[in-house]
Amino acid sequence: MSFTLAIVGRPNVGKSTLFNRLVGKRLALVDDQPGVTRDLREGAARLGDLRFTVIDTAGLEEATDDSLQGRMRRLTERAVEMADICLFMVDARVGILPTDEIFAEILRKKNANVILAANKAEGRAAEGGLIEAWGLGLGEPIALSAEHGEGLNDLHAQLMPLA
Ligand code: GDP
Ligand code: MG
């Protein structure tokens, strides 16, 4: 039995970039999957020797400010319920925003099993954001660069116990 990882976090932090890196061309079109809307993309992920299911929370990007909070809450809660573990992604370059705190609160309330990842961590521009990420109270952030494929060994190490 494999496990399911949900990638959650506010728009533009790099969730889909990581999803695509983990899934490559093995994307299972959500249309084929009962109960999964187009706002949750599911794929067969590969990371080193690990094989698992990954869920990308999409569909928040087009939401207006008005509807964003409710939609993102519902989507995230759904993804958390489907997953064994959540990768909560923040942007190490931007630092922690109030919206990130809202996501952290959702995850805490849901008692989710969380891996915290500070993405866009390549280079020095990420140092401040990495330190800020500790303040979320979700443990040590993994310094990740979804775009450049950095930090994936640390992600692997945190996922290994679930395999
Ligand atoms: P999502 O909205 O959370 O799914 O974010 P996307 O995956 O669509 O990425 C948002 C933007 O961040 C895109 O322009 C990506 O190219 C960029 N991005 C993603 N990962 C990284 C990274 O590791 N480093 C940098 N510098 N940019 C990244
Ligand atoms: Mg996306």
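Residues numbered from 1 in each chain as written. Chains lettered and ligands numbered in written order. Predicted model: local features only at pLDDT ≥ 70, side-chain atom pairs only at ≥ 80, totals over all residues. Heavy atoms only, no water.

- Per an unreviewed UniProt entry, the protein chain goes by the name GTPase Der and belongs to Profundibacterium mesophilum KAUST100406-0324.

Digging into the site of ligand 1
Then, in step 1: Asn12, Lys15, Thr17, Glu122 and Glu147 are the nearest of the 15 residues found near ligand 1.
Then, in step 2: In this structure, Ser145 approaches ligand 1 through a side-chain N or O atom, which is 3.0 Å from an oxygen atom.
Then, in step 3: The protein chains hide 75% of the 580 Å² of surface that ligand 1 would expose on its own.
Then, in step 4: With three residues, helix α1 (residues 15-23) is the largest single contributor of residues to the shell around ligand 1.
Then, in step 5: When the residues that make up the shell around ligand 1 are grouped by side-chain class, the tally is three nonpolar, six polar and six charged. (Near = heavy atom within 4 Å. Polar contact = N/O pair within 3.5 Å; in protein donor to acceptor, adjacent residues only side chain to side chain. Areas by Shrake-Rupley, 256 points an atom, 1.4 Å probe, with all protein chains shown as cover. Helix = DSSP H or I, 4+ residues; strand = E, 2+ residues; numbered from the N terminus. Nonpolar A, V, L, I, M, F, W, Y, C, P; charged D, E, K, R; others polar.)

Quick look at the environment of Met160
Then, in step 1: Mapped onto the fold, Met160 is located in the segment after α5 (152-159).
Then, in step 2: Sequence separation between Met160 and Ala45 is 115 residues, and the spatial gap between their C-alpha atoms is 14 Å.

Some points on the packing of aromatic side chains
Then, in step 1: Applying the stated criterion across every chain yields a total of two aromatic pairs.
Then, in step 2: Taken together, a centroid distance of 4.8 Å and an interplanar angle of 10° make the contact between Phe3 and Phe52 stacked. Taken together, the positions of Phe3 in the segment before β1 (4-8) and Phe52 in strand β4 (residues 50-57) put the pair 49 residues apart, joining distant regions of the chain. Here the two residues Phe3 and Phe52 agree in accessibility, since each one is buried. (Phe/Tyr/Trp six-rings, centres within 6.5 Å; stacked < 30°, edge-to-face > 60°. Buried < 20%, exposed > 50% of the residue type's maximum accessible area, 1.4 Å probe, protein only.)

Examining the nonpolar core
Soluble, globular proteins show a tendency: their nonpolar side chains are buried together.
Then, in step 1: Residues Ala6, Phe88, Val90, Leu107, Leu116, Leu136 and Leu138 are the most contacted members of the largest nonpolar core, which totals 26 residues.
Then, in step 2: Contributions of two or more residues to this core are made by β1, α2 (65-82), β5 (85-91), α3 (98-109) and β6 (114-119).
Then, in step 3: By residue number, the principal contributor to this core is α2, which donates four residues.
Then, in step 4: Excluding residues that lie within four positions of it along the chain, Leu107 makes contacts with Val8, Val80, Cys86, Phe88, Ala112 and Val114.
Then, in step 5: Grouped together as the second largest cluster of nonpolar side chains are 24 residues, Leu5, Ile7, Phe19 and Leu144 included. (Core = buried A, V, L, I, M, F, W, Y, C linked by side-chain atoms within 4.5 Å. Contact = heavy atoms within 4.5 Å.)

Looking at unusual backbone geometry
Then, in step 1: Phi at Asn12 takes a positive value of approximately 80°, unusual for a residue other than glycine.
Then, in step 2: Tracing the backbone shows Asn12 in the loop between β1 and α1.
Then, in step 3: Phi is positive for Asn111, close to 55°, though the residue is something other than glycine.

Let's talk about the pairing of β5
Both faces of the sheet carry side chains from a regular strand, because those side chains alternate between them.
Then, in step 1: Of all seven residues in β5, seven are buried, a share of seventy percent or more.
Then, in step 2: Where β1 meets β5, four bridges bridge the pair, whose relative direction is parallel. Across the sheet, residue Ala6 finds its bridge partner in β5, namely Cys86.
Then, in step 3: Strand direction decides the pairing type here: β5 and β6, joined by six bridges, are parallel. Looking across to β6, one finds that Asp91 is bridged to Asn119. (Pairing = 2+ DSSP bridges.)

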